[in-house]
Amino acid sequence: MPDFAAAAKDAAQLLSRLIQFDTTNPPGQELACLQFLQNTLRDLGLETRLYESAEGRGNLLAFRPATRPDALPSDKALLLMGHVDVVPAEPQYWTYPPFSGTIADGYVWGRGALDMKHLVAIWVVLLKLLQREGPPLRRPIKVMFNADEEAGGHLGAGWMVEHHLEEIRAAAALNEGGGEEIRLGSRSYFTYQPAEKASAAFELVARGTPGHGSVPHDDNALLWLARALEALATAQPPLVVTEPVRAMVESMARHQEEPMKSLLLDFLKPEKAHDAFRRFQLPQQRWTLWALLHNTVTPTMLTAGSRPNVIPSEARAVCDCRLLPGETSASMEHWIREVLRAHGLHEKVTVKMPPAASSPSSPLDHPLVESMARALRRHRPESPLIPTMLTGGTDGSWLRPAGIPTYGFVPLPEGEEYERVHGIDERVSIGGLEFALKVLYDTVVDFCR
Ligand SMILES: [Zn+2]
């Protein structure tokens with residue numbers, strides 16, 4: 001068994017170094033960070049390639065061949081992924097400067113500590129362990145470190161799928177966006193993420209008759225828009241139980257006592273879901289559960305008017321909209337139009353929705369999932385592995401439609417503060433890094449042996 005405590009210190013040092021590359025996206029400028037990673041992986045004896053997708057932007061590939069005579073071909077590799085860009089930080093609010101990579105109080109602090117230079121550092125240290133003392137493996141390992149995830153991945157994972165798909169082809173991929181320990185009552189679970197929702201933001205445009213604010217009339221664009229938003233909020237798209245969410249809720253329920261067991265299962269029944277939502281005592285969790293069972297529409301931006309005394313001819317709203325796996329913007333747009341029609345608003349308010357589709361879930365019974373479950377049982381036998389779905393998106397949304405089953409799995413015990421992701425004082429504990437390294441090392445070895 002490798003010395004995981006020492007490996008975690010190693011990962012913390014590397015993470016600190018990675019955080020010091022300011023890869024705030026926009027503008028990203030990930031190339032220097034990727035060149036550093038390329039040198040590090042090359043020093044481990046891996047074959048590497050760095051592709052520039054735009055000036056100062058790029059994607060790094062590394063390849064570790066199988067080390068057993070009965071080697072599997074390259075397209076049966078395991079792909080380890082990560083993105084090196086981060087979202088902006090407001091340094092004035094941080095305890096330590098966000099790009100200092102300070103190691104203090106048992107944590108590595110900085111932008112990217114949890115999203116997601118931590119996994120990039122873990123993959124490098126894991127490969128170092130494999131190169132130094134790992135068992136012979138049948139399966140090759142590929143590594144892909146990307147730019148641009150935080151802005152949609154068009155110059156990152158999306159660019160690689162478009163230009164170098166055959167090089168990244170793999171039996172399965174491990175990525176961010178799952179793996180955390182969640183607790184319900186006395187029971188805790190670790191998640192893995194085979195599916196995520198897709199973004200399909202749209203605009204509502206209301207038109208009315210302009211005029212002087214001192215003479216109100218009944219064709220005010222602002223009021224049409226307000227009615228349309230209210231109508232969409234009240235209508236609520238119907239309950240849709242997808243396979244990963246059904247499996248998640250059922251496996252959680254299996255380990256709960258009554259009345260929680262029945263309450264959870266009620267979420268899956270169209271006639272009982274509303275009541276279950278009302279009775280569920282954990283506010284944050286119930287909103288998340290609700291979002292996992294519905295296509296959602298959330299108004300997020302409004303624009304109208306120029307002066308207090310002018311009735312505008314037009315008012316616009318942008319709505320965040322998230323599609324469940326397998327859904328398209330066309331079906332959602334149809335639903336929105338139906339709601340507007342039912343409220344007599346269809347002639348006053350139009351919908352502008354760019355085409356979008358949500359890729360189907362990766363299989364829940366993939367051998368890689370079994371490897372994750374076995375690895376987790378070894379280190380945390382009392383906490384079952386359950387699937388989950390992301391309400392947001394990751395680079396996995398590029399790989400799944402390209403035919404690469406992708407799973408979010410960064411196993412971190414309770415206590416990591418995910419609310420700091422994209423916020424202030426983002427940090428990851430060194431104890432968390434050690435646990436993740438152990439479980440991921442065993443997962444990789446189990447799947448690749
Ligand atoms: Zn991320």
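For clarity, every value in this text was computed on a predicted model and none was experimentally measured. (Residues numbered from 1 in each chain as written. Predicted model: local features only at pLDDT ≥ 70, side-chain atom pairs only at ≥ 80, totals over all residues.)

What follows concerns the overall build of the protein chain. When helices and strands are tallied, the protein chain shows 14 helices and 19 strands. Its C-alpha radius of gyration of 24 Å places the protein chain within 12% of the 22 Å reference for a compact globule of 449 residues. If you line up the protein chain on its principal axes, its C-alpha atoms span 80 × 55 × 45 Å. Of all intrachain contacts in the protein chain linking residues separated by at least 6 positions in sequence, the fraction that spans at least 24 positions is 77%. (Helix = DSSP H or I, 4+ residues; strand = E, 2+ residues; numbered from the N terminus. Rg over C-alpha atoms; globule rule 2.2 N^0.38 Å. Contact = placed C-beta atoms within 7 Å.)

By the criterion of burial, strand β2 (residues 57-64) is predominantly enclosed, with seven of the eight residues buried. The pairing of strand β1 (residues 47-54) with β2 spans seven bridges and is antiparallel. Along β2, the bridge assignment pairs arginine 49 with leucine 61. Here β1 folds back onto β2 in antiparallel fashion, the turn holding two residues, of which glycine 56 has a positive phi close to 75°. Across five bridges, β2 lies against strand β6 (residues 141-146) in antiparallel orientation. Pairing of alanine 62 across the sheet is with valine 143, part of β6. (Buried ≥ 20, exposed ≤ 12 C-beta atoms within 10 Å, placed from the backbone. Pairing = 2+ DSSP bridges.)

With that out of the way, let us pick up the environment of tryptophan 224. Position of tryptophan 224 relative to the elements: it lies in helix α6 (residues 221-235). On the basis of neighbour counts, which here come to 22 C-beta atoms within 10 Å, the residue tryptophan 224 falls in the buried class. Once the C-alpha coordinates of tryptophan 224 and leucine 268 are considered, the two residues, 44 residues apart in sequence, prove to be 35 Å apart.

This part covers the packing of helix α1 (residues 4-19) against helix α14 (residues 430-448). Between α1 and α14, whose axes approach to 8 Å, the crossing angle comes to 115°. When the axes of α1 and α14 are compared, the crossing they make is right-handed. Across the interface between the two elements, Phe4, Ala5, Ala7, Ala8, Lys9, Ala11 and Ala12 from α1 touch Ile430, Leu433, Glu434, Leu437 and Lys438 from α14. Split by residue class, the contact of α1 with α14 holds nine nonpolar, no polar and three charged. (Axes fitted to C-alpha atoms, helices over the stretch in contact; angles between N-to-C directions. Left-handed = near helix turned anticlockwise from the far one by under 90°. Nonpolar A, V, L, I, M, F, W, Y, C, P; charged D, E, K, R; others polar.)

Further remarks concern the nonpolar core. In this structure, Ala11, Leu78, Leu79, Ile122, Leu126 and Leu437 are the most contacted members of the largest nonpolar core, which totals 96 residues. The contact partners of leucine 78, leaving out residues within four places of it in the chain, are Arg139, Ile141, Ala170, Ala171, Ala172, Val444, Phe447 and Cys448. Core analysis: the next-biggest nonpolar cluster, separate from the first, contains 21 residues, Ala198, Leu225, Cys319 and Leu340 among them. (Core = buried A, V, L, I, M, F, W, Y, C linked by C-beta atoms within 7 Å.)

Below, the discussion takes up the sheet that holds strand β5 (residues 107-109). Spatial ordering of the open sheet is given by β4-β5-β19, a layout of three strands whose pairing is antiparallel. Of all strands in the sheet, those with a lone pairing partner are β4 (103-104) and β19 (427-429), marking the two edges. Bridge count for β4 against β5 is two bridges, and the pairing is antiparallel. Looking at the pairing, isoleucine 103 lines up with valine 108 of β5.

All right, on to the domain arrangement of the protein chain then. Considered domain by domain, the protein chain is made up of domain 1 (4-184 + 361-448) and domain 2 (198-352). Distance between the C-alpha centres of domain 1 and domain 2: 33 Å. Ranked by residue count, the leading element in the side of domain 1 that touches domain 2 is strand β17 (residues 385-390), at four residues. For the side of domain 1 that touches domain 2, the class distribution of residues is six nonpolar, five polar and no charged. (Domains from an automatic or database assignment.)

In this section: helix α2 (residues 31-43). In this model α2 runs 18 Å from its N-terminal to its C-terminal C-alpha over 13 residues, within 8% of the 18 Å that 1.5 Å per residue would give. Those residues of α2 that fall on the buried side of the exposure criterion are Leu31, Cys33, Leu34, Leu37, Gln38 and Leu41. Projection of α2 onto a plane perpendicular to its axis shows the buried side chains occupying an angular sector of 150°, all on one side. Along α2, the residues that are exposed and aim more than 90 degrees away from the buried face are Asn39 and Asp43. In the core, the buried residues of α2 are packed alongside α1, β1, β2, α3 (117-133) and β6. One or two steps after α2, the chain reaches glycine 45, where phi turns positive at roughly 95°. (Expected span 1.5 Å × (residues − 1). Arc of directions from axis to C-beta.)

Going from asparagine 25 to proline 26, the amide bond is cis rather than trans, its omega being 0°. Tracing the sequence through the fold places proline 26 in the loop between α1 and α2. For the peptide bond that leads from glutamate 258 to proline 259, omega is 5°, which places it in the cis range. Phi is positive for histidine 422, which is not a glycine, with a value near 65°. With respect to the element layout, histidine 422 can be found in the loop between β18 (406-408) and β19. Despite not being glycine, aspartate 425 shows a phi value in the positive range, around 55°. Considering the arrangement of structural elements, one finds aspartate 425 in the loop between β18 and β19. The exposure class assigned to aspartate 425 is partly exposed, which follows from the 17 C-beta atoms found within 10 Å.

Let us now look at the packing of α3 against α14. Contact geometry for α3 and α14: axes closest at 10 Å, N-to-C directions at 55°. It follows that α3 is oblique to α14 by the angle criterion. Once α3 is placed against α14, the crossing between them reads as right-handed. From α3, His118, Ile122, Val125, Leu126 and Leu129 reach across to α14, where they touch Leu433, Ala436, Leu437, Leu440, Tyr441 and Val444. Split into classes, the residues belonging to the contact of α3 with α14 amount to ten nonpolar, one polar and no charged. (Parallel < 35°, antiparallel > 145°, perpendicular 65-115°, else oblique.)

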